[in-house]
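Here is what each chain is made of, one letter per residue.
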Amino acid sequence: MLNNRLFGAAMIVMALTACVTQNGDAQKAYDRGDYASAARSYRTLAERGNVDAQMRLGLMYKDGQGVSQDSTEAARWLRMAAEKGDAEAQVNLGYLLLNGTAADAAEAVRWFRTGAAQGNPQAQAALGYVLQKGQGVARDDVEAVRWLRMAAEGGDASGRFMLGHAYEHGRGVEQSEAQALRFYRQAAEQGHDAAQYNLGVMYFEGRSVAKDPDEAVRWYTKSAEQGYGLALYNLGVMYERGSGVPQDQARAFELYQKAASKGVARAQYVIGVMFRHGVGVPKSDEEAIQWFRKAADQGDADAQTHLATMLTSGNGTARNYAAAVELFRLAAAQNHAAAQNKLGLMYEKGLGVPKDYRQALNWYRKSAEQGNPSAQSNIGYLYEKGLGVKRSRAEAAKWYKLAGDNGHDGAKNALARMNAEGTVTLSAPKVRLADTSKDGKCTAESRRSHGKCGAVAASVSTALANTQSDNQKQAIQRKADIPHDAIMMP
């Protein structure tokens, strides 16, 4: 009897040793990039019920490594491991399901809860994430913070990043930039790309830390080296400005291109500006159109406005007033002052839309209220000519003076002409600043600087500053609010 027991124990040890050896061989094959061999070895072990192999084979199906990419097969193998209590499989299955149907998202949350209850920091971070987003579960910022704190205490970088984000924005916790800085730093030091990026922004802006462009560049660089799109863009801005690094337009363009290839709309827009004005690259309206279109398709209001302006002038593309109007309308809906002014001009002139002075005045007012001097001058013109409003020299003079005080040369000329024709009484409305013109009307097609139509930008910074709306003038982006992909690799 004793001999039988000893024999049985020996056989178990041998089987376990063989299993560990095969598992190790599979991992070695994976590490050297022989994914086909790794997949075969993991499949043999997975079919024998090895939980770790099931999880890893599922991930290989997810990524198409050594096997054809197959989400269904990935879910099948991950579910086998998850049902046996493997927390890593539970997390990865949850992420695989998360962006599917509503039922899939709800199942994802159940798996995150299961893994989180086992104390797995990644599962806790994932649960915090879906609670923050309200994805597959009702949004609950306070509960999200509770799980994110557990994940952070467990050393999970994504959990620390998201907890920092919660503190920065006061979601589920009292707002504290100092605490945000603390958790971003912890995650950044662990190599979390979005945390490195946000830490760079905080150094650049001097938020809860002394302003330090050198440190900003250091953290942007770390993030950019991992291919993080916004960091690539911001690093390009730093090289374009010569902030924290020697000024280098060629390097800036290279970084903008890399960011654009990652789908960063702002980078696509800036490249369009560079080609439009020949800043650091040969001037090309055709190239500018392509880049503006990419950014416009992602909803960038400046790109929509630039593309629409080029469509009205026929520069680099066929003239298309109707398409221009739709683009101006999209940007205007985002409260883009220049787009609102130009949409007003389209209505005034009847380009791409029926002529409608009241609509023109409506859009001019929206733009003027944001301080756009071209719109202010255009309102003056409507009052002077009595277009869509009762003719009023006094009202026209008010708007011309306001636009002129804000640097609009055309408005100054119009007011001087009116004064020469007869006395006007002035009491200006309260508003402020933007573009250009001729006889009080701005007809030039794109870049405008300090009241001179068609001024060519000397640098990207100048080009951007002359056209962005107030809430877009800061070139540095601040949008890293999505956690790093938590799905694990074998």
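By convention here, each chain's residues receive numbers from 1 onward along its written sequence. Local features in this predicted model are restricted to residues whose pLDDT is 70 or higher, and side-chain atom pairs enter the listing and the counts only when it is 80 or higher, whereas totals over whole chains, interfaces and linings include all residues. Processing note: side-chain calculations cover all non-hydrogen atoms of the structure and skip hydrogens and water entirely.

A. Seen up close, the overall build of the protein chain. Helix and strand labels come from DSSP, where a helix needs a run of H or I of at least four residues and a strand needs a run of E of at least two; each type is numbered from the N terminus. Within the protein chain, the secondary structure is distributed over 24 helices and two strands. Put simply, the protein chain has 490 residues, and 52% of those count as buried. Whether two residues touch is decided by their heavy atoms; if any such pair falls within 4.5 Å, the residues are in contact. Residue pairs in contact within the protein chain that sit at least 24 positions apart in sequence constitute 53% of those at least 6 positions apart. Accessible surface area values rest on a Shrake-Rupley calculation with a 1.4 Å probe, where residue burial reflects the displayed protein chains alone. When the accessible surface of the protein chain is totalled, it reaches about 21,300 Å², and 50% of it is carbon and sulfur. Each residue is placed in one exposure class: buried if its accessible area under a 1.4 Å probe, protein chains only, is under 20% of its type's maximum, exposed if it is over 50%, and partly exposed if it falls in between.

B. Structural detail: the pattern of salt bridges. In what follows, salt bridge is the name for a side-chain nitrogen of Lys or Arg lying within 4 Å of a carboxyl oxygen of Asp or Glu. Under the definition given, this model contains 25 salt bridges. Across the salt bridge formed by R329 and E326, the nearest N and O atoms sit 3.9 Å from each other. Of this pair, R329 and E326 are both found in helix 18 (residues 321-333), three residues apart, which corresponds to roughly one turn of the helix. Residue classification places R329 among the partly exposed residues on the basis of a relative accessible area of 28%. Residue E326 is classed as partly exposed on the basis of its relative accessible area, which comes to 45%.

C. Quick look at the environment of A89. Mapped onto the elements, A89 comes out in helix 5 (residues 87-98). The spatial distance from the C-alpha of A89 to the C-alpha of A123 is 9.9 Å, given a sequence separation of 34 residues. When near neighbours in sequence (up to four residues on either side) are disregarded, A89 contacts M55, L78, A81 and A82.

D. Helix 22 (residues 393-405), seen in detail. An expected span of 1.5 Å times one less than the residue number is assigned to each helix. Look at helix 22: 18 Å from first C-alpha to last across 13 residues, which is about the 18 Å you get at 1.5 Å a residue. Taken residue by residue, helix 22 has A396, A397, K398, W399, Y400, L402, A403 and G404 as its buried positions. Against helix 20 (357-368), helix 21 (373-385) and helix 23 (409-421) lie the buried residues of helix 22. Directly beyond the C-terminal end of helix 22, a positive phi value near 95° is found at G407.

E. Representation of the nonpolar core. In these notes, a set of buried Ala, Val, Leu, Ile, Met, Phe, Trp, Tyr and Cys residues joined through side-chain atoms within 4.5 Å is what counts as a nonpolar core. Counting 126 residues, the largest nonpolar core has F112, L127, Y220, Y233, Y256 and Y400 as the members making the most contacts within it. Residues A29, A38, L57 and V67 belong to the second largest nonpolar core, which totals 15 residues.

F. Layout of the packing of helix 2 (residues 35-47) against helix 3 (residues 51-63). Taken N-terminus to C-terminus, the directions of helix 2 and helix 3 make an angle of 140°; their axes are 8 Å apart at the nearest point. Comparing the axis directions of helix 2 and helix 3 gives the class oblique. Classified by chirality, the crossing of helix 3 by helix 2 is left-handed. For the pair helix 2 and helix 3, the contacting residues are Y35, A38, A39, Y42, R43, L45 and A46 in the first and A53, Q54, R56, L57, M60 and Y61 in the second. A breakdown of the residues in the contact of helix 2 with helix 3 according to their chemical character gives 10 nonpolar, one polar and two charged. Between N-to-C directions, angles span 0 to 180 degrees; the directions come from axes that are lines fitted to C-alpha atoms, helices contributing only their stretch in contact. The scheme is simple: roughly parallel for angles under 35 degrees, roughly antiparallel for over 145, roughly perpendicular for 65 to 115, oblique for anything else. Each crossing is labelled by how the near helix is turned from the far one, with a counterclockwise turn of less than a right angle marking it left-handed and a clockwise turn marking it right-handed. For this classification, Asp, Glu, Lys and Arg are treated as charged, while Ala, Val, Leu, Ile, Met, Phe, Trp, Tyr, Cys and Pro are nonpolar and the rest, including Gly, are polar.

G. Region of interest: the packing of aromatic side chains. Planes of paired rings set the category: under 30 degrees apart is stacked, over 60 is edge-to-face and the rest tilted, where pairs are Phe, Tyr or Trp rings (Trp by its six-membered ring) whose centres lie within 6.5 Å. The final tally for this structure, using the stated rule, is nine aromatic pairs. Between Y197 and Y220 the ring centres are 6.1 Å apart and the planes differ by 35°, which places this aromatic pair in the tilted class. Taken as a pair, Y197 in helix 11 (residues 193-205) and Y220 in helix 12 (residues 213-225) lie far apart in primary sequence, 23 residues in all. Comparing Y197 with Y220 shows no difference in burial state: the two are buried. Among the aromatic residues, those joined into a cluster by ring pairs are Y197, Y220 and Y228. Only lysine NZ and arginine CZ atoms are considered, and such an atom sits over a ring when it is within 6 Å of the ring centre and within 35 degrees of the ring normal. Directly above the ring of W291 sits K294, whose terminal nitrogen or CZ lies 4.3 Å from the centroid. The ring of W363 carries K366 above its face, with NZ or CZ at 5.6 Å from the centroid.

H. Local environment of the environment of Y197. Given the relative accessible area of 0%, Y197 is considered buried. Expressed as a C-alpha distance, the spacing of Y197 and Y184, which sit 13 residues apart in the sequence, is 9.1 Å.

I. Broad picture of the packing of helix 4 (residues 71-83) against helix 5. Close contact between helix 4 and helix 5 brings their axes to 8 Å; oriented N to C, the two are set at 150°. Regarding the angle of helix 4 to helix 5, the classification is roughly antiparallel. Considering the relative orientation of helix 4 and helix 5, their crossing is left-handed. For the pair helix 4 and helix 5, the contacting residues are S71, A74, A75, L78, R79, A81 and A82 in the first and A89, Q90, N92, L93, L96 and L97 in the second. Along the lines of polarity and charge, the residues of the contact of helix 4 with helix 5 split into nine nonpolar, three polar and one charged.

J. Spatial organisation of helix 14 (residues 249-261). The terminal C-alpha atoms of helix 14, which comprises 13 residues, lie 18 Å apart, in line with the 18 Å expected from a rise of 1.5 Å per residue. Inspection of helix 14 places A252, F253, L255, Y256, A259 and A260 among the buried residues, and these make up the whole buried set. One side of helix 14 holds all its buried residues, which, seen down the axis, span an arc of 165°. Turned more than 90 degrees off the buried face of helix 14, the exposed positions are A250 and S261. Buried-residue contacts for helix 14 involve helix 13 (229-241), helix 15 (265-277) and helix 16 (285-297). Pairs of N or O atoms are called polar contacts if they sit within 3.5 Å, as long as, within protein, a hydrogen donor faces a hydrogen acceptor (for residues adjacent in sequence, only side-chain-to-side-chain pairs). The N-cap of helix 14, judged by a side-chain oxygen 3.2 Å from the amide nitrogen of A250 a few residues on, is D248. Just past helix 14, the residue G263 takes up positive phi, approximately 90°. The arc under discussion is defined with respect to the helix axis, by the directions toward the C-beta atoms.

K. View of the side chain of E348. In this fold, E348 is placed in helix 19 (residues 337-349). Note on E348: relative accessible area 4%, which makes it buried. Reaching out from E348, the side chain makes a polar contact with the side chain of Y364 at a distance of 2.5 Å.

L. Just the environment of R56, in detail. The topology assignment puts R56 in helix 3. The exposure class of R56 is buried, given its relative accessible area of 16%. For the pair R56 and A26, spaced 30 residues apart in the sequence, the C-alpha separation amounts to 9.9 Å.

M. Molecular detail of unusual backbone geometry. Positive phi, normally seen in glycine, also occurs at S208, with a value near 65°. Note that S208 resides in the loop between helix 11 and helix 12. One non-glycine residue, N335, adopts positive backbone phi at about 70°. The exposure class assigned to N335 is partly exposed, which follows from its relative accessible area of 44%.

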